[in-house]
Every structure is written in C-alpha cells, then in structure tokens.
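Geometric and topological summary
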Amino acid sequence: MSVRFPLLAVAAAAAICGVLAPALAMQERTAISAPWAVGPDGSLMKDVTLIIADGRIERVLQGPANVNVDRTIRFETGVISPGLIDVASTLGVVGDNVERKSVFDPDASVVDALDALSATLRAAGQSGVTAAMIRPAPSGIISGAAATVRTIAPQGVERLLRADGPLTLTLGPGAWDVDLGPTSRAGVLHELREAMRSARSGGGTSRLARMVRGELDVLVEADSAEDVDAALRLFGQYGLSPAIRHTSDAVETAEDLAENQGVVIVGPYTFSSEIRLLAGPGRLAQAGCEVAFSGGLPFLEPDALRLSAALAVRYGLDPAAARRGLTINAARAAGLGNRVGALTPGADADIVIFSGDPLRLDSSVVEVWIAGQRVHHASPQPSQEEDGWRAW
Amino acid sequence: MIPALHGPRQRVARRYRRSRAARIMGALALSLGGAGATLAQPTFGPQGRVTILENATIINPTGVATQVAMIVLRGETIEHIGPAVEIQGRATRLDLAGAFVTPGLIDVYSGLGMTATRSASPVNRAFDAFDRYNAELFREAFRNGVTMMYLPATGSSGIVGTGAIVRLAPGEGGGWAGEVVKEDAALCIDLGSGESALRRLATLDGIRKQFKDAKAYRESLETYEDDLKEYEEKIKARAEKEAKEQSKEGDKPAPGGAPPTQQRPEPPQPAEGAKPEEKKDEITKPRQPGADPSAEVLLRALDREIIARVVADRSSDIINALVLAREFNLKIIIEGGSEAYLVADQLDEADVPVVLGSLLGSGLHRNDQYRRQIDRCAAVLSEAGVEWALGSGVADGANSRFVLLNAQMLAANVAGVYALQLVTTDAAEFLGLGERFGRLAPRRAADLVVWSGHPLDAGSRVQRVYVDGRLVYRDEQSTEPSAGGGGEEQ
C-alpha cells in the first residue's frame, strides 16, 4: 500500500544499473495542457497547463506556458477535469455492507468489506470516476465509518484515500428495525440523543465521543424533510455541521440546509426522476448550499454520475455548481477536500481528460491519470481485452 | 408464391384494408372528438399563420452549426430556410441570434403517457392507453424538446396489440390531444424475456398458434369465396339451363300450331339428361365464416402490410423471433435487444433492425439476468451492418423526455454517432416518416425546438417549441427574444 517501498526499490535499481527504469516515469515532471480545464470553482478555464511531479499537481498555469519539463502532453481538444468522485457508492463492496446484529456500530469500518480487485471499480475509473466514497448501507442508526478508495490504483500508488470516515448515521425509516428496535422516528432520535449525551459525558476516544467533540466528520442520511430537521437540531446542539444526504424534499429544506454549511449529497437522479426531485439541487444552490452528487454506482453505470449532474443542470442548477458537485464538493463530503477533487497545487494528480465538458453526456473519457500516471486511454475501437465489456 | 393463389389472396387482403380503414376512421372520429382533424386545418386563413425565425443557428446531421437568416413557417409546414427573403403580409418575427433551432425530437421507442395494461390481444391499440389530457406530461416533453414518439402496445407477453406514432399536437381551445400520425404502425409482440424459460417457450408456442389460426381463418374465407363463386355459377348455370329448356319447350308447339301441353314448365326431369348433382335440392349456399378481428390484424402482418415489432432481450429470444419471422414470412424489428450484440451476424443475415432503449440500469446484473450493454450493443450492431435506432424504452414513460440525453450517453461510447441525428433525422426515417419529419427543410412539418444554446450542452434550455407551426411551449424563465413585425403571439 505504501508508496515508499517501490520508490526505494526503483532508486536502488537505478543506482545499481545507472539507468532510469521506466517505472520511474512518475518522478518525471510532466506538463499536460488542454484548451479547457475545470477550475476549482467549477467554471471552465481556457488554455490550461498542469505541471505534475511526484504524483501531485505542482503548478496550474493559464495561457501560453513555456516551462522546463521532462515531457509535454498536449491535447488539441478536450477538457482537463479533476477525477470525478461518487460519494455514496457501494463499488467493490463484497456482500452486505452493514452489520445487522446491532443498530449502533460506530466502530465498524466498511473498508473491511472492500474487494480491491472488483471489476466494477476499474470500470468506474475508465468512465472518469477516479474515487468513490464507499458507505455502509443506510440502515441502523450508526453504521460505522465510510471509506474512500481510488477506483484504479497503479502499482506503487495507494488505493485507499481514507479508511476512517466520515462516520455514517441514518435517521428515518432506514434506521427502524422491528427486531432490534427502535421502530419509529421518535425512537431513533431518542436513542441517538441518549448515545450522544453519554458519549459526551463519558469522554474517551470512541468514535462516538470523538464525533460529539467535533473531531470526526459525520455524514447523516436523512430521507425526508422531518429527518433533515431532526438532524439539524440534534447536531446543532453540539455545534456540528454534518454532511447530509438528502434528496426527497430538498426543494422544501433548502433554506434550513443552507444554514448548516455542510455539503448536501443528492441523487442519484435518473431518466425517471420526478420534476420535484430534479429541481432540488438548483433550489439548494440558490439557497447557498454546496451539493455533491451520488451516482448510484454500481447499480447504475458509471456515466450515471454525470447524468445526475446533467439532469440537475437542466432543472435549474448552475453548470459550475454541478461540476463542483462532481469533484471538489464530493471530496469535501468525503473529508478529502485538500487532497483530491480540484486542480490545485499540492493536490494528487488524479485527473481525467474528457473530450468535452464533463456535464455534456456525449463527452467521452480520453485519458485517466492517477497520481501522475496514465492508467487508461480510450482507443478508437475499444478492445475487449482492455476493458472486458467494461466488465460489469 | 403461386400466381393462382395470389389473386384471391390479394382480393381478400384488400377487403380487410377497407374494413379496417373504415373502422379506424370511425374510432378516430369518436375517440379524438375531431381534434386530430381540426389540427390539420389551417386556423388563420387559407395561407395559414406565418412565423419568421431570424438569425437562428441550425445544426446539420453531422454536427456542423451554421447561422441562417430566416426560417419561415407557414401554416403547418416550413416554407423557407436560408437567406432572407421578402415575405408578404402579416407575420410574427423573432430574432433568435445566439439561439439554436432543431427539429422536434422523436422517440422511436417510448412509453410516454401510457397506462399499464395487463391484457394482450392483437386488437389492443396503443393510443387507447395514451393519457392524452395530461398537460404536465406534454409540458415535460416540450421542456426537453420532444414532440413525437412511437408508442408500442404493452401488456403481458404474447401478441399484445398494435403500436401508434403520436405527435404532441395541441387540441382545440388549448386542451391537449395528441395527434395520431400513424395508427397501426406496428404489430407488437413480446417474447417475455424477463420470464422463466418454460414461460417463454409457452409464449412462443401461443404466438405461433395465433398466426396459424389466422392463416386458417384466411383459408376458411378463401374456401368460402370459392364455394360462393361455385354456388353462384351453379345457380346461374341452372337458371340458364332452365331458361333454355323453357324456350325450347315454348318453341316446339309454335310451328305446329298445337296448344301447349298441360305440362307446366316444371324443373327438368332427371330422365332428360341432367346430372344428379345439379338437382335443385343439392345446391346449398356456403356458410360465411364469422368475422375474427384478431386474425384480421395478424393477416396484415402476414401480408407484410405492417411490421411486427418483437420485444426480445435475450439472445435466445432474438433467435426465436428470427425463426418466427422466417416461418411466417413476417417483416420484423427487434425491440429492446439487450443481447443483440451476441447475435449480430444472424440479425444481419436476416436483415432485421433493432430498436434499443434506455442505457440506464445496465449496471449491476445477477447471473440470472441478461446483460444490458446498450452502447456496446450499438457499436457491435453497426460493425456487423445491422440497422439500429435508439429510443427511451417502455420501462418508464417518464424516460421519453430524456431521449436526447440517452442518445448522448450512447454517443459518448460509440464512435461515429451524433446524438442529435439519432433522435431527429434517423428516428424519422426509421419510422418511415422521413419525408415529413426530422429535418429542417422546406415542405417538412413545422415541428421545431428553439434552444438557448447548443442543444447538446447541459446548460442549454428549451425556450420554445412549435408543433404543426403553432407555438406550444414557451419557457418563462429564459429571457425571451423580442417579437417584432406584424403580428402578436398567440
């Protein structure tokens, strides 16, 4: 998993042979330029050159760039985008991703159920979704820590971006359980309130205690407007601003959610989604919320993540806000806003070159780079070996 | 086919056509309350209303955008497209600089506004299940640029009914009606790919039997016609013979001047040489077979007058459909066709096109499900030379509004496909309506969409929709181009 060992091995080999091994390519300084790129604010920037070194973005230049690099890759058409992130996926998860013995599982970690070799992960990566936050299923009141993984991790690059969070909670019908109880909205709130109170008075280093002290980020599944209201009141008492996943009543709850300051996770939206749902992201953004999209992977195909954003735009969301929702806002919801999701100096060079605006659904993936390494490029006639029918 | 058989068969078929046409006209008049007919008539004088769209950008089928000075709509058709020309009289002028104009989008495989039915019968008609007074439904379609669709009859598996092509034209007085552009556009057959293997075999058997019964029905009709003809000839022959005998008997006495015998002109005696079977008692009128409307629909498919659209997703079902088509000499299209890529060569050999549906939901599959790979399927079919078209599918009628987004998702993964062409020109031609729809050209129907930007860009909005030359949708949120010239908007 560690990036250090292969580097050391390569350095040793180079020292012995006196020759630069091809595997050292990631240490080269590379310039990638294209006529367009997705800026940190989600708008499209013109004529952008990225300087990539050591798997990270070193500099972002606009306009004609003349820099001293080892190699230059120029795309005559297309858009450089940060790798897209699906924030509520179950990609690569083996079996049931929630423990059904208990409704309180703060110490469970979904990463333990990850099959890193799952073909669905790679297929998502080839569609431009370079990272996925894998969350426990929304059942049980506290169902453990989510994890964020790279969908494609070349040799020497860590697959796991984050294993310990955010902590996922569920309000509403998803948390009701006839066998384990509670069985009502009020019951869930009562038990959660009690648990948080005792965690605060008890102190310690349990995840719940760290959560109430504000040391651990939180993602709350709140299905209906009532659940959103309850979550905001409960977490507000502790001065916490959790990321909230809420799609159903976003048009009604937009103002309240805006006060919370946390990212609102919406979607997935499909061709059959009701108008009222599709109008949600636009209304949220209007109220001042930052939204992030979940694409429903792998139950829907990887391109469905971009579809969710495109549908939100058609029903009123600003295109730049939608691009943020596919990239930086998603990274923020996963607690990785400083590392992935934006073309900014210091961020991991996990990037995708699309043939056009990622929001435009007929734009296709031209190349995918992970930590400064090219891991996928589209061939005019996609060969069966390469992607195995996209291997679903 | 043996020429001798060809004659009567054609005659029989023609008769069906007449009766069928008469029934359609009657049914249309009843069900539409004359709305379809009224729409076809120009509302504003003999020349019709004139709308002039100026400086709009249009896109040719391969994606090249050009600005045109004028698009002139007169009555229900596009009169002119190109450089500015002199237009006499009253006209509504709109400056569309910066906006794009495309033909109304067409969904070749749609479930828009369809109420689910469970029954399956060849006499079921798709339009009867279409919710044509749902204004919200129409508005949603227009908001996304969709103006016309093919609606298959749906139901349980088997022969489920006939599909219709419907245009979202407004009815009288602002009510919504939908205009049937083509009734009986296809015979809809569903091989029930989602059902168990035994169920699917039973379905196929049932379909085969229905076609056989239809053929038997035709044979009984033909036999009846032949028998009737024979009967008429016999009656005629006897009448002639009687007349001849009568005149013979009548002539005889005349030269001799002798009075007629006491014998009345009774039927000729057998002794006089008549064959026994020509006895009056043995000439019986043949019994006419009872009308069978189901069989009549199937016979039109058997005569290749209407195409059969066969819903088949599994490769085995697609093969079964091809066998069925060969056995009964049917003209077929495969609908759904999720696994068509596995049998592309067979489809090419049989020259059978495929209609594909929604790309969504092809993600996860279990071992007992067929694999949906719509975009890859299209690529393989193209390579094999199989004609294909893309609609939205019937799983959910709401999908139909997003047929262009569906096409864009496909275009992203299939080289050489232009999404806009798929759902305009290609779609119209696939439905056999290329002469009237799917293109911005003179004499084509004035069904068009005004977009705030490039129609394939996520941020573009539909600003206006014209159907049949009439403004049917206007986006309140987008800034309106200024209307000038001689006329007020409706």
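Let me begin by describing the structure that accompanies this report. (Residues numbered from 1 in each chain as written. Chains lettered and ligands numbered in written order. Predicted model: local features only at pLDDT ≥ 70, side-chain atom pairs only at ≥ 80, totals over all residues. Heavy atoms only, no water.)

Things to note about the sheet that holds strand 9 (residues 179-190) of chain B
Backbone-to-backbone hydrogen bonds join strands into a sheet, with any given pair of strands oriented parallel or antiparallel. All names here are of chain B. With mixed pairing, the eight strands of this open sheet are ordered in space as 6-7-8-9-10-11-12-13. If you trace the sheet from one side to the other, it starts and ends with strand 6 (105-107) and strand 13 (388-390), each paired once. Neighbour-to-neighbour, the strand axes of the sheet open up by a mean angle of 25°, direction not taken into account. Judged from the four bridges that link them, strand 7 (residues 146-151) and strand 8 (residues 158-167) form a sheet pairing that is antiparallel. Within the sheet, the bridge partner assigned to Met149 lies in strand 8 and is Val166. (Pairing = 2+ DSSP bridges. Helix = DSSP H or I, 4+ residues; strand = E, 2+ residues; numbered from the N terminus. Axes fitted to C-alpha atoms, helices over the stretch in contact; angles between N-to-C directions.)

A short note on helix 6 (residues 293-302) of chain B
Residue and element names in this part refer to chain B. With eight of its 10 residues buried, helix 6 lies for the most part within the structure. Ala295, Glu296, Val297, Leu298, Leu299, Arg300, Ala301 and Leu302 are the residues of helix 6 that are buried. Of the residues flanking the end of helix 6, it is Arg304, one or two places downstream, whose phi is positive at about 60°. (Buried < 20%, exposed > 50% of the residue type's maximum accessible area, 1.4 Å probe, protein only.)

Details of the sheet that holds strand 11 (residues 167-171) of chain A
Residue and element names in this part refer to chain A. In spatial order, the strands read 8-11-12-13-14-15; together these six strands make up an open sheet with mixed pairing. Two strands in the sheet have a free side with no partner beyond their single neighbour: strand 8 (142-145) and strand 15 (291-293). The average undirected angle you get between the axes of adjacent strands in this sheet is 25°. As defined by bridge partners, strand 14 (residues 264-266) adjoins strand 15 across three bridges and the pair is classed as parallel. By the bridge assignment for strand 15, Val264 is matched with Val291. Packed onto the sheet, helix 5 (residues 225-237) meets strand 11, strand 12 (218-222) and strand 13 (243-245) and runs at close to 150° relative to strand 12. (Contact = heavy atoms within 4.5 Å.)

Here we look at the packing of aromatic side chains
Considering all chains together, one arrives at six aromatic pairs over all chains under this definition. With a centroid separation of 6.0 Å and an interplanar angle of 35°, the aromatic rings of Phe271 of chain A and Phe402 of chain B are classed as tilted. Taken together, the residues Phe271 of chain A in the loop between strand 14 and helix 7 (275-278) and Phe402 of chain B in the loop between strand 13 and helix 10 (403-413) connect one chain to another. The pair Phe271 of chain A / Phe402 of chain B is uniform in exposure class, with both members buried. By the ring-pair criterion, three or more aromatic residues cluster together here, those being Phe271 and Tyr315 of chain A together with Phe402 of chain B. (Phe/Tyr/Trp six-rings, centres within 6.5 Å; stacked < 30°, edge-to-face > 60°.)

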